[in-house]
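# Structure at a glance
One letter stands for each residue in the lines below.
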Amino acid sequence: MGLIKKYFSNTRKPDGILGKMMVSGMNKAHAGVSDWGIRHLSSIQPQTIIELGCGGGRNAAQLLNNFPKATLTALDYSEVSVEKTKQVNRRVQVGRCNVVQGDVSRLPFEAATFDVITAFETVYFWPGPTESFREVCRVLKPNGLFLIVNESDGTNRSDEKWLDVIEGLQIFDKAQLSNFLKDAGFSKIIVDHDETKHRLCIMAMK
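### Things to note about the pattern of salt bridges
One pass over the full model with this rule turns up six salt bridges. Salt-bridge contacts for Arg 58 lead to Asp 35; the nearest nitrogen and oxygen are separated by 2.7 Å. Residue Arg 58 is found in helix H4 (residues 58–66), and its partner Asp 35 is found in helix H3 (residues 31–38); the two are separated by 23 residues along the sequence. We classify Arg 58 as buried; its relative accessible area is 18%. Since its relative accessible area comes to 22%, Asp 35 is described here as partly exposed. Of the charged contacts, one joins Glu 83 and Lys 86 as a salt bridge, the two residues approaching to 3.8 Å between their closest N and O atoms. Here Lys 86 and Glu 83 lie together in helix H5 (residues 79–88), a separation of three residues that amounts to about one turn.

What follows is the structure, encoded as structure tokens:
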């Protein structure tokens, strides 16, 4: 495996030195689409939030800043991502931010635990993903919101090159994701599709 491909393989599960480089890069590279996605939450005031696939911890910090009365759990199955997220959010961890290592297909939480669940640039790698979305639905409170934010909408042919570079990558369009969510038990789905920038924001209600 060439160095470039080995580096980008850390997109799925950052590991080692290249993984540490990757999560730092994620914080900068995904900032624009993440902030666009977070703005869709401006009309609500959640008390309990979980970010699934917390990456480099930057989005967790933004959510904590935007919702000062909320507590946040950040989860990732990469040890590198967990440690980076702890580092980025070390000043607010006590009492407000809990960072854990775990798998989205087997979430270590009781049913109906969270008001809001977020997934930024991560469902490309989720097992299923319908089965993983069922787990999200399980731990989401009634009338809770699941926010998916993707920088690739499945319609941009230039994104297809990454399918050969990043192992396990799947790029879904809005119809596919909406169907997965419906099959997982979500009752209402709202899609904001920025066709110019080929990005998606999907809000699914339980």
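After that view, the rundown keeps rolling.
### Here we look at the sheet that holds strand E2 (residues 71–76)
Taken in spatial order, the seven strands of this open sheet run E3-E2-E1-E4-E5-E7-E6, and their pairing is mixed. Each edge of the open sheet is held by one strand with a lone partner, namely strand E3 (97–101) and strand E6 (188–194). Each strand of the sheet is rotated relative to its neighbour by a mean of 15 degrees, with strand direction disregarded. In this sheet, strand E4 (residues 114–120) lies alongside strand E1 (residues 48–52) in parallel orientation, the contact comprising three bridges.

### Let's talk about the packing of H3 against H4
Their axes nearest at 11 Å, the elements H3 and H4 cross at an angle of 30 degrees. Between H3 and H4 the crossing geometry is right-handed. Between H3 and H4, the residues in contact are Ala 31, Ser 34, Asp 35 and Ile 38 and Arg 58, Asn 59, Gln 62, Leu 63 and Asn 66, respectively. Looking at side-chain class alone, the contact of H3 with H4 contains three nonpolar, four polar and two charged residues.

### Describing the packing of aromatic side chains
For the structure on display, the rule yields seven aromatic pairs. Relative to Phe 114, the ring of Phe 109 lies with its centre 5.2 Å away and its plane at 85 degrees, an arrangement referred to as edge-to-face. Both residues of the pair, Phe 109 and Phe 114, count as buried. A ring pair is formed by Tyr 124 and Phe 125, whose centres lie 6.3 Å apart and whose planes are at 85 degrees; its orientation type is edge-to-face. Overall, the relative accessible area of 4% leaves Tyr 124 in the buried class. Chaining the aromatic ring pairs together yields one cluster made of Trp 126, Phe 133, Phe 146 and Phe 186.

### Examining the nonpolar core
Generally speaking, soluble globular proteins have nonpolar side chains that are buried together. Within the largest apolar cluster, 27 residues are counted, with the highest numbers of intra-cluster contacts made by Leu 52, Ile 117, Trp 126, Phe 133, Phe 146 and Phe 186. When contributions to this core are tallied by element, the ones reaching two or more residues are E1, E4, helix H7 (130–139), strand E5 (140–150), helix H9 (174–184) and strand E7 (199–205). Not counting residues within four places of it along the chain, the set of residues in contact with Phe 146 comprises Ile 117, Ala 119, Trp 126, Phe 133, Val 136, Leu 140, Leu 181, Phe 186, Ile 202, Met 203 and Ala 204. In this structure, Trp 36, Ile 49, Leu 64 and Val 82 belong to the second largest nonpolar core, which totals 24 residues.

Rules behind the numbers
- For every chain, the first residue of its written sequence is number 1, and the numbers climb from 1 along that sequence.
- Reporting of local features is limited, given that this is a predicted model, to residues whose pLDDT is at least 70; pairs of side-chain atoms are given and counted only at 80 or more, and all residues count toward the totals for whole chains, interfaces and linings.
- Side-chain measures here rest on the full set of heavy atoms in the structure, leaving out hydrogens and waters.
- Any Lys or Arg side-chain nitrogen located within 4 Å of an Asp or Glu carboxyl oxygen qualifies as a salt bridge.
- Strands here mean DSSP runs of E at least two residues long; helices mean DSSP runs of H or I at least four residues long; both are numbered from the N terminus.
- Buried, partly exposed and exposed residues are distinguished by accessible area as a fraction of the type maximum, computed with a 1.4 Å probe on protein chains only: under 20%, between the cut-offs, and over 50%, respectively.
- Should DSSP find at least two bridges between two strands, the strands are regarded as paired.
- To obtain each axis, a line is fitted to C-alpha atoms, and for helices this fit is confined to the stretch in contact; angles are then taken between N-to-C directions over 0 to 180 degrees.
- What makes a crossing left-handed is the near helix being turned counterclockwise from the far one by less than a right angle; a clockwise turn instead makes it right-handed.
- Working rule for contacts: check all heavy atoms of both residues, and any pair within 4.5 Å makes them a contact.
- Here the nonpolar group is Ala, Val, Leu, Ile, Met, Phe, Trp, Tyr, Cys and Pro; Asp, Glu, Lys and Arg are the charged ones; every other residue, Gly included, is treated as polar.
- A pair of aromatic rings is counted whenever rings of Phe, Tyr or Trp (Trp by its six-membered ring) have centres within 6.5 Å, and the orientation is called stacked for planes under 30 degrees apart, edge-to-face for over 60 and tilted otherwise.
- Joining through side-chain atoms within 4.5 Å is the link that ties buried Ala, Val, Leu, Ile, Met, Phe, Trp, Tyr and Cys residues into a set, and such a set is a nonpolar core.

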